[in-house]
Amino acid sequence: MSDGLLYLSRREVRALGISPGEVRESVLQAFRDHAAGLNRSLPKKSLDLGPGHGFQAMSAASEPEAIATVKWVAMAPVAPGSTAPGISALICVSDYATGLPLAVLDGDEITLIRTAAMSAAAASYLAPAEPLTIGFVGCGLQAHAHLDAFLDLYPGLKTVLALSRSRASAERLAEAAAGRGLATEILADADELLGRSDIVISMVPGAPGLKPFLDAGRMPASSFASAVDIGRSWRPQTLPAFDFLATDSLAQSTAPYDVNSQPVETVRFHDDLIQIAARGAGPAGQGRRMFCFRGFALADLALAGLVVRKARGAGAGTRLER
């Protein structure tokens, strides 16, 4: 390994131009490697300070990738309409064999990309084969990353439905989708969005006074939901309407989480992406399906490894002395 510590800013990570398909396959390979015992990850460690406020640490190590990573994440409530980030993160990359630090990466861009890649990876096994309409509940930066990831996976998508507590953010997402050739609608009614969507992405941040408002029973009989918000925006009593529920890692959680960050009692996950990716197949037949995840360190490791390789090849980033 070369001397010095490589630093990449958010702008530099974005400038590498890593495609959604590359990220999706990299994430899936990390899950396959985990099923084969080739990498290891600890469950996310959280320090919760209040609704939408806390700190998290996520660590993983991969022999095939020859790296180990730790991501430090800070979360803070954001007022409606604010441009301040609700999540801030850094990723430290070390050499698997020697333990020497190799890189420090901006974690915000990586978190955006890898989260959308995880939703798309799950959708590739769980969603309807030819979805036409995708609905976004929450229209911030994650919605834009998910738009890119799902258009890459499903280029036949025709319509984007947007619902947000901030009209401005919904308009920005609609403008971005229209620029990609999709029909767009901004809705105010959650039931209407759910009922018209083949795919739903819920990304509602935690906030004081938040009440769950999404009804799983409103979704079409064959549909897919990715709960990026760990399930907090879904009414717990309606979750049994899903025929199949999956998560990233059953070792990390066995049920979706409610608005108070507590596991719900109405359902349990049937499977996780580790085993689904290893089998290369989701459940047979059709039905309502949900992927609800807390974030798995292996996905961050996979993308961090991809970023470091791309940066070295392009001569990108800044070399720091230690």
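Residues numbered from 1 in each chain as written. Predicted model: local features only at pLDDT ≥ 70, side-chain atom pairs only at ≥ 80, totals over all residues. Heavy atoms only, no water.

(A) Representation of the environment of A188 within the structure. Within the secondary structure, A188 is located in the loop between β10 (183–186) and α6 (190–196). In this structure A188 comes out as exposed when scored by relative accessible area, which is 82%. It is 36 Å that separates the C-alpha atoms of A188 and A277, two residues lying 89 residues apart in sequence. (Helix = DSSP H or I, 4+ residues; strand = E, 2+ residues; numbered from the N terminus. Buried < 20%, exposed > 50% of the residue type's maximum accessible area, 1.4 Å probe, protein only.)

(B) Just the nonpolar core, in detail. Ranked by internal contacts, the top residues of the largest apolar core, which has 73 residues, are L105, F136 and F150. Setting aside its immediate chain neighbours within four residues, L105 contacts L8, L90, I91, V93, I110, A304, V307 and V308. (Core = buried A, V, L, I, M, F, W, Y, C linked by side-chain atoms within 4.5 Å. Contact = heavy atoms within 4.5 Å.)

(C) Fine view of the sheet that holds β10. Taking strand neighbours across the sheet as the criterion, the eight strands line up as β10-β9-β8-β11-β12-β15-β13-β14 in an open arrangement whose pairing is parallel. Looking at which strands have only one partner, the edges of the open sheet turn out to be β10 and β14 (271–272). One ladder, built from four bridges, connects strand β9 (residues 159–163) with β10; its direction is parallel. Residue pairing in the sheet places L161 in a bridge with E185 of β10. Lying on the sheet, helix α3 (residues 107–126) is in contact with β12 (223–227), β13 (244–247) and β15 (288–292); it crosses β15 at an angle near 155°. Contacting β8 (133–137), β9 and β10, helix α5 (residues 167–179) crosses the sheet at an angle of about 170° to β10. (Pairing = 2+ DSSP bridges. Axes fitted to C-alpha atoms, helices over the stretch in contact; angles between N-to-C directions.)

(D) How the structure looks around the pairing of strand β1 (residues 5–8). Alignment of β1 against strand β16 (residues 318–320), held across three bridges, turns out to be antiparallel. If you follow L6 over to β16, its bridge partner there is R319. Relative to strand β7 (residues 101–106), β1 is paired through three bridges, and the arrangement is parallel. Paired with L6 across the strands is A103, a residue of β7.

(E) Focus on the packing of aromatic side chains. Per the counting criterion, the structure on display carries five aromatic pairs. With a centroid separation of 5.7 Å and 15° between ring planes, the pair formed by F55 and W72 is classed as stacked. With F55 in strand β4 (residues 53–62) and W72 in strand β5 (residues 67–75), this residue pair connects regions lying 17 residues apart in the sequence. Between F291 and F293, the ring centres sit 4.8 Å apart and the planes meet at 25°, which makes this aromatic pair stacked. Accessibility expressed as a relative area gives 1% for F291, which makes it buried. Sitting over the ring of Y257, R294 keeps its end group 4.3 Å from the ring centre. (Phe/Tyr/Trp six-rings, centres within 6.5 Å; stacked < 30°, edge-to-face > 60°. Lys NZ or Arg CZ within 6 Å of the ring centre and 35° of its normal.)

(F) Up close: the side chain of K44. Here K44 lies in the loop between β2 (39–41) and β3 (45–50). Notably, K44 is buried but unbridged: the nearest opposite-charge side chain belongs to D248, and the N-O separation is 6.7 Å. Here K44 is in contact with Q56, A57, M58, Q252, R294 and G295, once residues within four sequence places are set aside. (Lys, Arg positive; Asp, Glu negative; His and termini not counted. Salt bridge = Lys/Arg side-chain N within 4 Å of Asp/Glu carboxyl O.)

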